[in-house]
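# A look at the structure
Listed below are the residues making up each chain.
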Amino acid sequence: MGMAEGRVVIVTGAGRGLGRAHALAFAAEGARVVVNDLGVGLDGLPGPDSPAGQVVAEITALGGEAVAHGEDIASSEGASSLVECALTTFGRLDTLVNNAGFLRDRMLVNLEEADWDAVMRVHLKGHFLPLKFAAAHWRAQAKAGRPVAARVVNTSSGAGLLGSVGQGNYSAAKAGILGMTLVAAAELGRYGIQVNAIAPAARTRMTEQAFAETMAAPGKGGFDAMAPENVSPLVVWLGSEASAGVTGRVFEAEGGRITVMEGWHPGPTADRGARWTPAEAGEAATKLLARAQPPEPVYGA
């Protein structure tokens, strides 16, 4: 039996790249999969054909079970129908992998309000709404006395952890996903729901051009460190019952490397027990900075 045997898993943005790799990996471990993909381009605009059906065909050809879902999960109607699709088709829902996203890269002074809103909508709202409707279902199950071992895996980025030049909207959205992950883990644990996040590095439509040299495939026979399939084993484990007790965590995943990220934590501190003057505050801050660890560089700086 596979690690995800008997579980029903939703993967958003699963038509290509990381989402497709996750969907196939869950199916290989015995899960039944809801493959969500709107079939849009890199800029979030609709494409001629949704690839979700192609991934479903791949899974069924290998003996698995899957269904395609093509609604907009950044809308209440689409997110609600996503959860309903799992329940109607397979009778249950166990894991939600929030993965959908796209880019509208610009330097901040050139970034249009519409491009800010579009990226926030698909990344941040597109994580929140599926999580909301899935969690409401699981909470109802728990309150009815039914055992719940639910899992949510959110997708952030190194841009959300450190920032990325030319990606102010994307970095802000991905940082917001981290904050939401921590809150969701704290709020939903009582209902048997675990919520974690990954910050993956892999070759996808969003990265293969922007970071062409880094993302290039190796020569014949070499380890393809940027293959999206390298990230999926961690996602499958986080989405399974095997990860019991792991919640509110953020993992970087790249090639053969997995890192637990430790986030913001207190550094050097000064407390005089009274109000500072501006000059005194500046002097104290300067001394603290001299003792502090330097920050990691922003991507692209």
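Rules used throughout
Residues numbered from 1 in each chain as written. Predicted model: local features only at pLDDT ≥ 70, side-chain atom pairs only at ≥ 80, totals over all residues. Heavy atoms only, no water. Helix = DSSP H or I, 4+ residues; strand = E, 2+ residues; numbered from the N terminus. Rg over C-alpha atoms; globule rule 2.2 N^0.38 Å. Buried < 20%, exposed > 50% of the residue type's maximum accessible area, 1.4 Å probe, protein only. Areas by Shrake-Rupley, 256 points an atom, 1.4 Å probe, with all protein chains shown as cover. Lys, Arg positive; Asp, Glu negative; His and termini not counted. Charge placed at Lys NZ, Arg CZ, Asp CG, Glu CD. Salt bridge = Lys/Arg side-chain N within 4 Å of Asp/Glu carboxyl O. Core = buried A, V, L, I, M, F, W, Y, C linked by side-chain atoms within 4.5 Å. Contact = heavy atoms within 4.5 Å. Axes fitted to C-alpha atoms, helices over the stretch in contact; angles between N-to-C directions. Parallel < 35°, antiparallel > 145°, perpendicular 65-115°, else oblique. Left-handed = near helix turned anticlockwise from the far one by under 90°. Nonpolar A, V, L, I, M, F, W, Y, C, P; charged D, E, K, R; others polar.

### Description of the overall build of the chain
The helix and strand inventory of the chain stands at nine helices and eight strands. Here the C-alpha atoms of the chain give a radius of gyration of 21 Å, agreeing with the 19 Å that 2.2 N^0.38 yields for 301 residues. Principal-axis analysis of the C-alpha atoms gives the chain an extent of 70 × 50 × 40 Å. With 301 residues in all, the chain has 45% of them scored as buried. Carbon and sulfur atoms make up 55% of the accessible area of the chain, which amounts to about 15,200 Å² in all. Computed over 25 positive and 30 negative side-chain charges, the separation of the two mean positions in the chain equals 6 Å.

### Observations concerning the pattern of salt bridges
Inspection of the entire model under this criterion finds 10 salt bridges. A salt bridge links Arg7 to Glu241, with the nearest nitrogen and oxygen atoms 3.8 Å apart. In this pair, Arg7 is assigned in the segment before strand S1 (8-11) and Glu241 in the loop between helix H8 (232-238) and strand S7 (250-254), connecting sequence segments 234 residues apart. On the basis of relative accessibility, which here comes to 51%, the residue Glu241 falls in the exposed class. Salt bridges here are not isolated pairs; linked through shared partners, they connect Arg20, Glu58 and Glu229.

### Overview of the nonpolar core
Within the largest apolar cluster, 30 residues are counted, with the highest numbers of intra-cluster contacts made by Val11, Ala23, Phe26, Val33, Val35 and Ile59. Elements that contribute at least two residues to this core include exactly S1, helix H1 (17-28), strand S2 (32-36), helix H2 (52-61), H8 and S7. Broken down by element, this core gets its largest block of residues, six residues, from H1. Excluding residues that lie within four positions of it along the chain, Ala23 makes contacts with Val11, Ala14, Val33, Val35, Val55 and Ile59.

### Quick word on the side chain of His137
By secondary structure assignment, the location of His137 is in helix H4 (residues 113-143). For His137, the residues in contact, after removing those within four places along its chain, are Leu87 and Leu93.

### Observations regarding the packing of H1 against H2
Orientation of H1 relative to H2, taken along the N-to-C sense of each, is 25°, at an axis distance of 10 Å. It follows that H1 is roughly parallel to H2 by the angle criterion. Considering how the two elements wind past one another, H1 and H2 form a crossing that is right-handed. On H2, the residues touching Arg20, Ala23, Leu24 and Ala27 of H1 are Val55, Glu58 and Ile59. Classifying every residue of the contact of H1 with H2 gives five nonpolar, no polar and two charged.

### Overview of the environment of Thr259
In this structure, Thr259 sits in strand S8 (residues 257-261). By relative accessible area, which is 26% here, Thr259 ends up partly exposed. For the pair Thr259 and Ala199, spaced 60 residues apart in sequence, the C-alpha separation works out to 9.5 Å. Setting aside chain neighbours within four positions, we find Thr259 in contact with Val250, Phe251 and Glu252.

### Considerations on the environment of Val56
In this fold, Val56 is placed in helix H2. A C-alpha to C-alpha distance of 36 Å links Val56 and Glu262, two positions 206 residues apart in sequence. Among residues more than four places away in sequence, those in contact with Val56 are Val35, Ala66, Val67 and Ala68.

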